[in-house]
Amino acid sequence: QVQLVESGGGLVQPGGSLRLSCAASGSVLRIIWMSWYRQAPGKQRDLVATISSGGNTNYADSVKGRFTISIDNTRNTGHLQMNSLKPEDTAVYYCNAYVNTRLAPYNRWGQGTQVTVSS
């Protein structure tokens, strides 16, 4: 059973930093690609960043220059480094990944982690 488990959310002051992690488990051989989404109360879920196993990245305009997405395939883990956080970054952050396993590839979502930016 492939699972994604997120960690690293919390409360941070404006201008601060957080690092989110998304660990893939369940006979995972390789993360093919990973994306991070976020959903603020009453709003739709929006794509924040995407990375392929080859290292190609894409970012939403609102986070370019502040957020960095990465994958560590030695640990089957992805990260979202968030710097210069703003109150409008407050949301539940979800990871979504396409992973290769011994049996088949799977697309999975994490359970979400709350990020609150407030003074």
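A brief look at the structure comes next. Being a predicted model, the structure only gives us computed values, none of them experimental. (Residues numbered from 1 in each chain as written. Predicted model: local features only at pLDDT ≥ 70, side-chain atom pairs only at ≥ 80, totals over all residues. Heavy atoms only, no water.)

### What to know about the pattern of salt bridges
For side chains bearing opposite charge, pairing can occur when the charged atoms are close. Using the criterion set out here, one finds 4 salt bridges in the structure. The partner of Asp61 in a salt bridge is Lys64, and the shortest N-O contact between them spans 3.1 Å. Here Arg75 and Asp72 are joined by a salt bridge, their closest N and O atoms 3.1 Å apart. Relative accessible area serves as the criterion here: at 22%, Asp72 is assigned to the partly exposed category. Taken together, the shared-partner salt bridges connect Arg38, Arg66 and Asp89 into one network. (Salt bridge = Lys/Arg side-chain N within 4 Å of Asp/Glu carboxyl O. Buried < 20%, exposed > 50% of the residue type's maximum accessible area, 1.4 Å probe, protein only.)

### Re the environment of Leu4
With respect to the element layout, Leu4 can be found in strand β1 (residues 3-7). What makes Leu4 buried here is its relative accessible area of 6%. A C-alpha to C-alpha distance of 12 Å links Leu4 and Ser27, two positions 23 residues apart in sequence. Beyond its immediate stretch of four places on either side in the chain, Leu4 contacts Cys22, Ala23, Ala24, Cys95, Asn96, Ala97, Arg108, Trp109, Gly110 and Gln111. (Helix = DSSP H or I, 4+ residues; strand = E, 2+ residues; numbered from the N terminus. Contact = heavy atoms within 4.5 Å.)

### Section: the sheet that holds strand β7 (residues 67-72)
Strand order in the open sheet formed by 4 strands is β1-β3-β8-β7, and the pairing between neighbours is antiparallel. This sheet does not close on itself; its edge strands, each paired only once, are β1 and β7. Here the average twist between neighbouring strands, direction ignored, is 15 degrees. Relative to strand β3 (residues 18-25), β1 runs antiparallel, the two sharing 5 bridges. Along β3, the bridge assignment pairs Glu6 with Cys22. (Pairing = 2+ DSSP bridges. Axes fitted to C-alpha atoms, helices over the stretch in contact; angles between N-to-C directions.)

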